[in-house]
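# Structure at a glance
One-letter residues, chain by chain:
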Amino acid sequence: MGYLELQNLHRDFGTVKALNGINISLGEGEFLSLLGPSGCGKTTALRLVAGFDRPNQGRIIVDGKDVTAVAPNKRDMGMVFQAYSLFPNMTARQNVEFGLKIRGKSKGDRAKPVDELLELVGLSHAVDRYPHQLSGGMQQRVALARALAIQPRVLLLDEPLSALDAKVRVQLREEIRRIQLELGITTLYVTHDQEEALAVSDHVAVMYGGVIEQMGTPSEMYTAPATPFVAEFIGTMNRLDATVVDGGTGEVEHAGMRLRVDAAQGRRNGERVLVLIRPESLELEAATNGGAPNSFVGEVLTQTFLGPVTRVKVTGSGTNLIADMSTARAAALPVGARVSAKIPSEGAKLISLPDDGPGLPVLDPDDH
Amino acid sequence: MTLSAVIWLLLGAAYFIIPLFATLLISLKSTQTGKCCTAHNYGWVLHNGDFWHTLRLSALLAVETIVISLALFVPTIYLIHLKLPRLRPVIAFLALVPFIVPPIVMVVGLLRTFKGTPDWFYQKPYGFLAASYVILAFPYMFFSLDAGFRSIDVHTLTEASQSLGAKWPTTLFRVILPNIRSAALAASFLTLAIVMGEFTIANLAAFHTFPIFIQFVSESQGFPAGALTLMSFGITWAAMLSLLLVGRKRGARGAVIAGAR
């Protein structure tokens with residue numbers, strides 16, 4: 001049994017099912033990110049754990065005890081909010097020691113942990129400043145110290161970095177992870193930023209429509225997405241709607257073109273599948289007559305400079321593909337050039353699609 | 001500052017200053033000779049027992065009204081913002097009723113409504129009159145406090161406080177109330193001014209409050225009435241200033257400490 005267990009949690013708001021039976025088991029000291037688009041239910045799940053809301057069905061277990069009906073002020077959950085939540089009438093120090101005061105700790109007993117926590121978040125120099133005298137990043141650091149001061153059983157973070165600028169966001173997420181590892185505190189982190197989730201978590205749970213689509217390590221989520229939604233949501237992915245034509249050799253057909261994909265071996269002939277190829281797995285070169293085997297021939301539509309790599313969008317025969325390649329090599333393939341994109345037979349992943357279903361949502365592969 | 005702005009400023013200042021100055025001149029005239037200048041009228045007021053009695057009564061009524069109103073409306077408006085936002089327009093409409101209903105109609109209604117209540121309530125200013133003043137102060141209290149609650153993130157502050165272990169009273173008194181202090185002060189100022197100047201209800205309900213005393217003196221003593229008017233003006237402003245100083249003391253001290261570092 002995990003340290004934090006969410007068992008079959010349901011939460012309805014009228015006719016909307018915000019959570020439709022989610023199950024999570026998290027070990028002590030682990031860091032789990034709930035990742036998903038707006039309205040997927042991730043914040044609802046976090047609020048249920050915090051006790052600000054009650055589930056229609058299901059249980060929340062912390063360290064073997066059912067806390068589903070326990071009031072939020074008795075749960076010992078430290079929470080950092082998306083909005084700046086520091087008490088405006090209190091200094092940074094007073095904010096951090098608020099929880100300890102509530103617990104009846106004397107001034108002497110409060111001073112040491114408060115000083116240590118403010119030092120841990122790098123704010124020893126700003127202890128007597130009021131929230132309006134602190135930057136957004138500093139405010140969230142104080143909020144983190146305040147949440148940690150009560151030595152919570154679980155640390156809950158509800159998109160704590162979303163209001164910050166990009167540089168501070170990266171800096172602070174690394175600090176959150178460092179502090180979490182240092183204190184060994186079980187953490188539930190809500191974000192819609194997949195890069196953030198992959199960078200700091202032990203586990204990631206991708207949510208959509210009130211259910212968990214897939215849960216695994218960041219590496220598993222990136223390399224082996226289990227559903228079309230996860231494939232679309234985690235990183236950038238080329239997706240080809242195809243049909244298995246020879247399960248023995250692993251041949252699939254997409255838009256009248258035959259491709260060899262190792263993962264298709266053993267599949268039933270006629271099965272509808274989604275072929276997933278990461279942009280960095282595609283090999284792009286100037287097209288010679290007819291193109292190379294297992295290749296897709298098209299024209300360079302756009303080039304997007306991303307620093308060391310350039311993202312090249314190729315189009316042709318009604319199919320769009322994107323490839324990431326070194327900026328130096330991309331210079332040889334200007335917009336309008338005819339190119340051949342080699343599909344790696346061993347690197348592509350496959351997801352089964354329902355035979356009579358609508359298939360995948362038609363989205364631009366780099367539309368994130 | 002442009003010339004037109006200066007002219008408008010002077011006109012505005014004159015609008016307020018000229019009546020006060022005229023009142024001052026009248027208050028300095030001798031009751032016997034009708035000539036300037038003597039402080040005798042101020043002495044007459046200060047040595048009048050009714051002045052101190054009615055002033056004390058109105059001041060205590062103001063304090064009672066402020067305390068009851070804050071105790072009643074702060075938790076109510078907090079609850080509305082936190083849990084019942086759909087009720088806000090209803091309460092806002094109800095808050096307009098004391099503006100819409102003429103005071104004379106209201107006092108008749110109040111007298112009829114409370115008729116039959118115990119004497120300690122109906123016959124005493126601290127009962128009936130204070131209850132009426134709470135109703136009269138309702139719109140000022142509601143709209144000031146509502147603006148205060150709207151200026152803070154009530155949900156997040158409440159949840160942050162709860163997650164740290166605080167119960168409802170702790171959250172209200174240590175987190176919410178200090179952050180709506182300005183709004184509560186503004187509401188208290190307005191209530192103080194209303195109670196110190198309210199005439200209709202007190203007169204029709206036959207209570208002898210400070211405004212009734214002013215009216216009585218105005219009818220019977222011309223020059224002392226000027227002195228009394230100026231003094232009541234000064235007393236009300238002094239009361240408001242002391243409320244402001246008491247209310248802002250903690251915030252100001254905090255800001256100074258923070259600024260010094």
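The sections below set out a description of the structure shown in this document. Just so you know, these numbers come straight off a predicted model, no measurement behind them. Counting restarts for each chain, with residues numbered from 1 along the sequence as it is written. Working convention: letters from A go to chains and numbers from 1 go to ligands, in the order in which they are written. For a predicted model such as this one, the threshold for reporting local features is a pLDDT of at least 70, and the threshold for listing and counting side-chain atom pairs is 80 or more; totals across whole chains, interfaces and linings nevertheless cover every residue.

What chain A contains, in helices and strands, is 9 helices and 20 strands. For the C-alpha atoms alone, the extent of chain A along its principal axes is close to 80 × 45 × 35 Å. Whether a residue is buried, exposed or partly exposed is read from the other C-beta atoms within 10 Å of its own C-beta, which are placed from the backbone; 20 or more gives buried, 12 or fewer gives exposed, and intermediate counts give partly exposed. Residue burial in chain A is summarised as follows: out of 368 residues, 43% are buried. Throughout, a pair of residues is in contact if the C-beta atoms placed from their backbones lie within 7 Å. Long-range contacts, defined here as pairs at least 24 residues apart, represent 64% of the contacts in chain A between residues at least 6 apart. Secondary structure elements are defined from DSSP: runs of H or I of at least 4 residues count as helices, runs of E of at least 2 residues count as strands, and each element is numbered from the N terminus.

This next bit is on the overall build of chain B. For chain B, the helix and strand inventory stands at 13 helices and 0 strands. Here chain B holds 261 residues, and 30% of them are scored as buried.

It is worth spelling out the sheet that holds strand 1 (residues 4-13) of chain A at this point. Taken together, the 4 strands give an open sheet; going across it, the order is 2-1-4-5 (chain A), and neighbouring strands pair in antiparallel fashion. A strand with exactly one partner marks an edge of an open sheet, and here the two such strands are strand 2 (16-26) and strand 5 (65-66) of chain A. Only strands joined by at least two bridges in the DSSP assignment are considered to pair.

Counting residues at the interface gives 24 residues for chain A, matched by 19 residues for chain B. Sorting the residues of the side of chain A that touches chain B by element identifies strand 6 (77-80) and helix 2 (92-102) of chain A as the ones contributing at least two each. Three categories are distinguished: nonpolar for Ala, Val, Leu, Ile, Met, Phe, Trp, Tyr, Cys and Pro, charged for Asp, Glu, Lys and Arg, and polar for the others, with Gly belonging to the last. Taken together, the residues of the side of chain A that touches chain B sort by class into 13 nonpolar, 7 polar and 4 charged.

A few words on the packing of helix 2 of chain A against helix 3 (residues 107-120) of chain A. Residues and elements named next belong to chain A. Between N-to-C directions, angles cover 0 to 180 degrees, with each direction set by a line fitted to C-alpha atoms, over the stretch in contact for helices. Two numbers describe how helix 2 lies on helix 3: the axes approach to 10 Å, and their chain directions differ by 130°. By the angle class used here, helix 2 and helix 3 are oblique. Every pair of crossing elements has a handedness; the one defined by helix 2 and helix 3 is right-handed. Where helix 2 approaches helix 3, its residues A92, R93, V96, E97, L100 and K101 are matched on the opposing element by R110, P113, V114, L117 and L118. Of the residues contributing to the contact of helix 2 with helix 3, the split by class is 7 nonpolar, no polar and 4 charged. By the definition adopted for this analysis, an angle is roughly parallel if under 35 degrees, roughly antiparallel if over 145, roughly perpendicular if from 65 to 115, and oblique otherwise. Handedness of each helix crossing follows the sense of rotation of the near helix against the far helix: counterclockwise by less than a right angle gives left-handed, clockwise gives right-handed.

Of all the residues in helix 12 (residues 210-220) of chain B, the buried ones are F210, F213 and V217 of chain B. Looking straight down helix 12 of chain B, one finds its buried side chains confined to an arc of 60°; they lie on one side. This arc is built from the directions going out from the helix axis to the C-beta atoms.

This part is about the environment of M1 of chain A. Of note, M1 of chain A is situated in the segment before strand 1. Measuring from C-alpha to C-alpha, the distance between M1 of chain A and A332 of chain A comes to 56 Å, with 331 residues separating the pair along the chain.

Residue and element names in this part refer to chain A. The 5 strands lie next to each other as 13-12-11-14-20, forming an open sheet whose pairing is antiparallel. Since the sheet does not close on itself, it has two edges, and those belong to strand 13 (257-260) and strand 20 (349-352), each with one partner. Taking the axes of each pair of neighbouring strands and ignoring which way they run, one obtains an average angle of 40° across the sheet.

Right, let's get into the nonpolar core. Buried together is how nonpolar side chains tend to be arranged in soluble globular proteins. Core analysis: the biggest nonpolar cluster contains 152 residues, and V49, L156, A205, V206 and V275 of chain A together with L145 of chain B have the highest contact counts within it. Per-element tally for this core: the top contributor is helix 7 (residues 125-150) of chain B, with 12 residues. When sequence neighbours within four positions are dropped, the list of residues in contact with L156 of chain A reads L46, V49, A50, M77, G78, M79 and L188 of chain A. As used throughout, a nonpolar core is a set of buried Ala, Val, Leu, Ile, Met, Phe, Trp, Tyr and Cys residues joined through C-beta atoms within 7 Å of each other.

Residue and element names in this part refer to chain B. Checked against the element boundaries, V45 lands in helix 2 (residues 40-46). Note: C-alpha distance between V45 and T170 (125 residues apart in sequence) is 47 Å. Those residues in contact with V45 that sit more than four places away from it in its chain are F51, P224, A227, L228 and M231.

Next up on the list: unusual backbone geometry. Residue and element names in this part refer to chain A. You will see that D63, though not glycine, has its phi angle at about 50°, which is positive. One can find D63 in the loop between strand 4 (57-62) and strand 5. For D63, a count of 15 C-beta atoms within 10 Å translates into the label partly exposed. Phi is positive for Q151, which is not a glycine, with a value near 50°. You can see Q151 is positioned in the loop between helix 4 (136-149) and strand 7 (154-158). Judged by C-beta crowding, with 13 C-beta atoms within 10 Å, Q151 ranks as partly exposed.

One can find E196 of chain A in helix 6 (residues 194-200). Among all residues touching E196 of chain A, those that are not within four sequence positions of it are L161, R173 and T191 of chain A.

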